[in-house]
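Each chain, letter by letter, is given below.
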Amino acid sequence: MLGTFANAFRTPDLRRKLLFVLFIIAVFRLGSVMPTPGVNVANVKFCLNPDNLSSGQQSLYSLINLFSGGALLQLAVFALGIMPYITASISLQLLTVVIPRLETLKQEGQAGQAKITQYTRYLTLGLAILQSTGIVALANSGNLFSGCNRPILVNNSMFTILMMVVTMTAGTGVIMWLGELITDRGIGNGMSILIFTSIASRFPTSLWAIKQEHPGPSGWLLLFMVIGIGLVVVAAVIYIEQAQRRIPVQYARRMVGRKMFGGSSTYIPLKVNQAGVIPVIFASSLLYLPALMAQFNPSSPWAIWVGTHLVRGDHPIYMLGYFLLIVFFTYFYVSITFNPQEVADNMKKYGGFIPGIRAGKPTQDYLAFVLSRITLPGALYLGLISLIPLIAFVLINANQNFPFGGTSILIIVGVGLDTVKQIESQLQQRNYEGFLR
């Protein structure tokens, strides 16, 4: 991997692209630490001190603060991070299955995809307005940091609140633009790289916080033990992410005009983790909703029950609910993104068949059977990886500081592998040495 980046920097064209990506990342991190106008920075730093937050609050905010790289609780310009765009993209992807108009646009090729991208941008800005309004309202009412009575805003005038909402919404628009710049002029998927940057930026702070919680030699021992566990988890995630079931497909020879087509052999790659990190995001968001609603009426009985059972990550009900939701959403997302009937029809249309399986309905049933069996280990893998930070909270009291597990490690490994593959593919276009060996 390091050799790949070294070779890329030796190529002038790729070097310009990589330097451009690094420049955009620097701008993104600058906006993630720049406070929004109207925020009392000193009081925010005081309230962010772990000693001034309950463990339940830390667990809640470690979830919603992940994708912004710590910018959300600092009420920075890029406080909302990339989450509105992720939510909008997933929502439109799910609505494509339900709304015929969106399904038609998806089948129209590049023009239809451009229209869906435009809808995604509009929905992202709408979600950004709603989320920024909610965050500013919580900060103004004093419920953003429970137990911290210091005022978060300089004043609670309507102008200040409106300016903060507009600034955070504009910040989300700028993040979308930066991500698209990376996709068009850099290397890799821009939005994924920005998410990677937000999560990776918290690793040094999280690791050092684990050491500081245990002073003396035991702290260093625990730090190196956590790093060792992290390397093992990363190796396991890479192994599973690369694992796939290859279903062989044979194409029969056929005449089209004067040309002969077909006669080739290929395969359908079915990944063990076909759903990626989406089920984890779905489950986290669904568990976050009751905790967020409880913030507006913390004294009610149901809010007390939610705060006891669905906020603290070390509670068995939270762990069980989180695991079951991930398994459910894995099957749900795979079922709407991979259509065995559509794959079987396309194979039959172009003269393809699976050896030993008849074309048409038998092929569809076979693909559905294999997919249902291979999704189970993928769902269990996602659930177990996501429980690692919660188990760490029970063992070493480091849920909010344990970086190797859950959504963070899945995204970092996935984006890292995808980016390296894209760099290698561009290197192979410029250097054919690998094919001549």
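A. The arrangement of the overall build of the protein in detail. From N to C terminus, the protein includes 18 helices and five strands. Surface exposure of the protein reaches about 22400 Å², of which carbon and sulfur atoms provide 64%.

B. The pairing of strand β1 (residues 244-251), seen in detail. As defined by bridge partners, β1 adjoins strand β4 (residues 265-271) across seven bridges and the pair is classed as antiparallel. In the strand pairing of β4, Val 249 is matched with Thr 266. Judged from the two bridges that link them, β1 and strand β5 (residues 352-353) form a sheet pairing that is antiparallel. Residue pairing for β5: Tyr 251 is matched across the bridge by Gly 352.

C. Just the sheet that holds β4, in detail. Strand order across the open sheet formed by three strands is β4-β1-β5, with antiparallel pairing between neighbours. Pairing within the sheet leaves two strands with one partner each, and these edge strands are β4 and β5.

D. Structural view of the side chain of Thr 96. Here Thr 96 lies in helix α5 (residues 83-98). Since its relative accessible area comes to 9%, Thr 96 is described here as buried. Of note is the side chain of Thr 96, whose polar atom sits 2.6 Å from the backbone oxygen of Leu 92.

E. A look at the packing of α5 against helix α14 (residues 316-337). Put simply, α5 and α14 touch, their axes get as near as 10 Å, and they point 60 degrees apart. Judged by the angle between their axes, α5 and α14 are oblique. The two elements α5 and α14 cross, and the hand of that crossing is left-handed. Together, Gln 93, Leu 94 and Val 97 of α5 and Phe 332, Tyr 333, Ile 336 and Thr 337 of α14 make up the contact between the two elements. A class-by-class count of the residues in the contact of α5 with α14 yields five nonpolar, two polar and no charged.

F. The arrangement of the environment of Ala 137 in detail. Checked against the element boundaries, Ala 137 lands in helix α7 (residues 110-141). Given the relative accessible area of 37%, Ala 137 is considered partly exposed. The spacing of Ala 137 and Val 165 is 28 residues in sequence and 9.7 Å in space, taken between C-alpha atoms.

G. Layout of the nonpolar core. Among the nonpolar cores identified, the biggest contains 72 residues, and Val 237, Ile 268, Leu 270, Ile 385 and Leu 410 are the most heavily contacted of them. Once residues lying within four places of it in the same chain are set aside, the contact partners of Ile 268 are Arg 245, Arg 246, Ile 247, Val 249, Val 343, Met 347 and Leu 367.

H. Spotlight on the pattern of salt bridges. All chains considered together, the criterion is met by three salt bridges. Residues Asp 13 and Arg 16 are paired through a salt bridge, measuring 3.7 Å at the closest nitrogen-oxygen approach. Within this pair, Asp 13 and its partner Arg 16 are both found in helix α2 (residues 12-33), separated by three residues, close to a single helical turn.

I. Fine view of the packing of α5 against α7. Two numbers describe how α5 lies on α7: the axes approach to 8 Å, and their chain directions differ by 130 degrees. Here α5 is positioned oblique relative to α7, judged by the angle of their axes. You can see that α5 and α7 cross each other, and the crossing is right-handed. Judged by residue contacts, Pro 84, Tyr 85, Thr 87, Ala 88, Ser 89, Ser 91 and Leu 92 of α5 engage Ile 116, Tyr 119, Thr 120, Leu 123, Thr 124, Leu 127, Ala 128 and Gln 131 from α7. Among the residues forming the contact of α5 with α7, the class breakdown is nine nonpolar, six polar and no charged.

J. Geometry of the packing of aromatic side chains. Across all of its chains, the model carries five aromatic pairs by this definition. Measuring from centroid to centroid gives 6.2 Å for Phe 328 and Phe 332, while their planes differ by 10 degrees, and the two rings are stacked. Of this pair, Phe 328 and Phe 332 both sit in helix α14, four residues apart, which is roughly one turn of that helix. Here Phe 332 falls in the partly exposed class, since its relative accessible area comes to 33%.

Quick notes on the rules
Residues numbered from 1 in each chain as written. Predicted model: local features only at pLDDT ≥ 70, side-chain atom pairs only at ≥ 80, totals over all residues. Heavy atoms only, no water. Helix = DSSP H or I, 4+ residues; strand = E, 2+ residues; numbered from the N terminus. Areas by Shrake-Rupley, 256 points an atom, 1.4 Å probe, with all protein chains shown as cover. Pairing = 2+ DSSP bridges. Buried < 20%, exposed > 50% of the residue type's maximum accessible area, 1.4 Å probe, protein only. Polar contact = N/O pair within 3.5 Å; in protein donor to acceptor, adjacent residues only side chain to side chain. Axes fitted to C-alpha atoms, helices over the stretch in contact; angles between N-to-C directions. Parallel < 35°, antiparallel > 145°, perpendicular 65-115°, else oblique. Left-handed = near helix turned anticlockwise from the far one by under 90°. Contact = heavy atoms within 4.5 Å. Nonpolar A, V, L, I, M, F, W, Y, C, P; charged D, E, K, R; others polar. Core = buried A, V, L, I, M, F, W, Y, C linked by side-chain atoms within 4.5 Å. Salt bridge = Lys/Arg side-chain N within 4 Å of Asp/Glu carboxyl O. Phe/Tyr/Trp six-rings, centres within 6.5 Å; stacked < 30°, edge-to-face > 60°.

So yeah, pure geometry; function would need other evidence.
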